[in-house]
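# Structural features, examined
Spelled out from the first residue to the last, the chains are:
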Amino acid sequence: MLRTLFATFLLMISAPVVAQNLSVDINQGVSRPLPIAIPDFTTRTDVETPAGTTAQLGVRVAEVVTNDLKSSGLFRPIDKLAFTTTVRYPDVLSPQFANWRTVAAQALVTGFAERQADGSITVGCYLYDVFSEEVLVREGFNTEPRNWRRAAHKCADAVYSRLTGEAGYFDSRIVYVSETGPATSRIKRLAVMDQDGANHRFLTNGQNLVLTPRFSANDQTVAYLSYAQNRPRIYSYDIASGQQRLIGDFPNMSFAPRFSPDGRQLAFSQSRAGNTDVYIMNSDGGNVRRLTTSPGIDTAPSFSPDGRRIAFESDRGGSQQIYTMNVDGSNQQRISFGDGRYGTPVWSPRGDLIAMTKIGGGKFRIGVMRPDGSGERLLTDSWQDEGPTWSPNGRVIMFFRSRQGGGADLHSIDLTGINERRIPTPLEGSDPAWSALLP
């Protein structure tokens, strides 16, 4: 766990943080991202750490912060070759603002990396308004050297939050299904990585088919479907300990598990006597209750962030559509009424939108609608995009895109539908799930 430090650890700055007008509106498409200068972070004394020297860490931290902010589509990091000055340690506290104005920077992110007596490192993070010459962010993050990337992500989150007014999302993880092999015998493994694709590792060995991994909102536990011994059952995986546990050992097929916001319950689907319905149970597998009883297929449940309602997909009306209900199964109502079919509903962490896959016109597209079904907007227009998952701040959606020639990759897009990017993975990928911000 990283420890956030304040002015005491940051050379005891006494200047107050003054609110400024420098900001970024993330509710509209950004055609001109904010020009921001992010020079290499410096160090007072270059010393060795297990992750490299503090000078080397300063360069790497700045690179991660740059990539994070650039990937949001809201910021335009200025090319370092255009810089007219080199940041020294004293410049972190007293920037030469005139030099940054000459390269048309509106904001400046700078900082340092230092090794402490106990072997930990401190990454200092500062955001300045170049024109008002005011400090907008001053934070420090103390951690083990191996966690330097997390300190960088936290710095980027602090900058993003201060300039947009929204929580950041960079210090988070993605769990997904890594795929390889021919279509007739695909090997599917659980894999986890940072939201930018770094620190990638496999969680399962591919011996058993795995599907639909989903994070718990309040810890780093993943629920997923596994075909161990050719029986589709629900398991949990604790990323910190590596422990795997069978949760739902039912005689019938069970699938599509998803945690409640407090992590105490799991909603899932189960097939009995040719009928598939939504069920709910405690996260330890006890107290199973059936929520839907209509003929057909009811599946893909997703909790609202307050835990009071569930969105799900059903073909009870003759075609695949999205419905909502109370968490006890009452008040079931259809909310999707556009042309085509709808599936994989996922409630935004903000509660204001439901992301979904819309199927029609020979395409699978990612879209959003309000919880009452109004305000439908499609964000992508590719051949086959599906499986949306929300960033922790509810401003970005990740999904997987199948290629017409075979294979699939992870992509993300913001709510404007403008900033789309491919997420790098070692192999092909599907079924992503975004974690909450890490503690």
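Residues numbered from 1 in each chain as written. Predicted model: local features only at pLDDT ≥ 70, side-chain atom pairs only at ≥ 80, totals over all residues. Heavy atoms only, no water.

### A few points about the domain arrangement of the protein chain
Looking at the assigned domains, one finds that the protein chain contains domain 1 (34–164) and domain 2 (173–434). Of note, the centres of domain 1 and domain 2, computed from C-alpha atoms alone, are 36 Å apart. Each partner contributes to the interface: domain 1 provides seven residues, whereas domain 2 provides 10 residues. Taken together, both faces of the contact between domain 1 and domain 2 bury some 550 Å²; the carbon and sulfur share is 34%. Per-residue buried area on domain 1 facing domain 2 is highest for S71, R149 and Y160; these three make up 62% of the total on that side. Inspection of the region where domain 1 meets domain 2 yields five residue pairs in polar contact (both at pLDDT 80 or more). If you tally residues by element for the side of domain 1 that touches domain 2, the top one is helix α4 (residues 148–164), at three residues. (Domains from an automatic or database assignment. Contact = heavy atoms within 4.5 Å. Buried area = accessible area lost by both parts, 1.4 Å probe. Polar contact = N/O pair within 3.5 Å; in protein donor to acceptor, adjacent residues only side chain to side chain. Helix = DSSP H or I, 4+ residues; strand = E, 2+ residues; numbered from the N terminus.)

### Considerations on the pairing of strand β21 (residues 309–314)
A regular strand places its side chains on the two faces of the sheet in alternate fashion. Counting buried positions over the six residues of β21 gives five, a clear majority of the element. In terms of strand pairing, strand β20 (residues 298–303) meets β21 through four bridges, oriented antiparallel. The residue bridging S302 from the neighbouring strand is A311, located in β21. Hairpin connection between β20 and β21: a loop of five residues separates the two successive antiparallel strands, and G307 in this loop has a positive phi of roughly 75°. In this sheet, strand β22 (residues 321–326) lies alongside β21 in antiparallel orientation, the contact comprising six bridges. Bridge assignment links A311 to a residue of β22, and that residue is T324. Taken together, β21 and the strand that follows it, β22, pair antiparallel across an intervening segment of six residues, in which G318 is found at a positive phi of about 110°. (Buried < 20%, exposed > 50% of the residue type's maximum accessible area, 1.4 Å probe, protein only. Pairing = 2+ DSSP bridges.)

### A short note on the side chain of S178
Within the secondary structure, S178 sits in strand β9 (residues 173–180). Setting aside residues up to four positions removed in sequence, S178 forms contacts with I187, K188, R189, A191, F202, L427 and E428.

### Digging into the sheet that holds strand β15 (residues 244–248)
Strand order across the open sheet formed by four strands is β12-β13-β14-β15, with antiparallel pairing between neighbours. Strands at the two margins of the open sheet, each flanked by one partner only, are β12 (210–215) and β15. For this sheet the average axis-to-axis angle between neighbouring strands, irrespective of direction, equals 30°. Where β12 lies against strand β13 (residues 221–226), four bridges are found, and the strand directions are antiparallel. Bridging from a neighbouring strand, V210 pairs with S226 of β13. (Axes fitted to C-alpha atoms, helices over the stretch in contact; angles between N-to-C directions.)

### Considerations on the packing of helix α1 (residues 54–71) against α4
Look at α1 against α4: their axes get within 9 Å of each other, and the N-to-C directions meet at 45°. As the angle between them shows, α1 and α4 are arranged oblique. Regarding α1 and α4, the two cross each other, and that crossing is right-handed. Of the residues in α4, those in contact with L57, R60, V61, V64, V65, D68 and L69 of α1 are W148, R149, A152, H153, C155, A156, V159 and Y160. Residues that form the contact of α1 with α4 fall into these classes: 11 nonpolar, one polar and three charged. (Parallel < 35°, antiparallel > 145°, perpendicular 65-115°, else oblique. Left-handed = near helix turned anticlockwise from the far one by under 90°. Nonpolar A, V, L, I, M, F, W, Y, C, P; charged D, E, K, R; others polar.)

### Some points on the sheet that holds strand β16 (residues 254–259)
Strand order across the open sheet formed by four strands is β16-β17-β18-β19, with antiparallel pairing between neighbours. Of all strands in the sheet, those with a lone pairing partner are β16 and β19 (289–290), marking the two edges. Bridging between strand β18 (residues 275–282) and β19 involves two bridges; their strand directions are antiparallel. Following the sheet pairing, I280 is matched in β19 by R289.

### Looking at the packing of aromatic side chains
Within this structure, the stated rule accounts for 12 aromatic pairs. Centre to centre, the rings of Y169 and W434 are 5.9 Å apart; their planes meet at 85°, and the pair counts as edge-to-face. Here Y169 is found in the loop between α4 and β9, whereas its partner W434 is found in strand β32 (residues 428–434), with 265 residues between them in sequence. Neither residue differs from the other here; Y169 and W434 are each classed as buried. One aromatic cluster is present, built from ring pairs that chain together Y89, F97, F112, Y126 and Y128. (Phe/Tyr/Trp six-rings, centres within 6.5 Å; stacked < 30°, edge-to-face > 60°.)

### Focus: the nonpolar core
Nonpolar side chains tend to gather and get buried jointly when the protein is soluble and globular. In this structure, V65, L69, F75, V109 and L163 are the most contacted members of the largest nonpolar core, which totals 47 residues. A per-element tally of this core places α4 first, with nine residues. Each of two domains, domain 1 (34–164) and domain 2 (173–434), supplies a minimum of three residues to this core. For F75, the residues in contact, after removing those within four places along its chain, are V24, P33, L34, I36, L69, K70, Y160, L163 and T164. Counting residues in each nonpolar core, the second largest holds 16 residues, with Y89, Y126, Y128 and V135 among its members. (Core = buried A, V, L, I, M, F, W, Y, C linked by side-chain atoms within 4.5 Å.)

### Describing the side chain of N419
As for its placement among the helices and strands, N419 is situated in the loop between β30 (408–414) and β31 (420–423). Looking at N419, its side chain comes within polar contact range of the main-chain oxygen of S71, at 2.7 Å. At 3.0 Å, the side chain of N419 forms a polar contact with the backbone oxygen of S72. Other than its neighbours up to four places away in sequence, N419 contacts S71, S72, G73, S412, I413 and D414.

### Some details on unusual backbone geometry
You will see that N287, though not glycine, has its phi angle at about 55°, which is positive. The residue N287 is located in the loop between β18 and β19 in this model. Given a relative accessible area of 48%, N287 falls into the partly exposed group. Look at T344: it is not a glycine, yet its phi comes out positive at around 45°. For T344, a relative accessible area of 27% corresponds to the partly exposed category.

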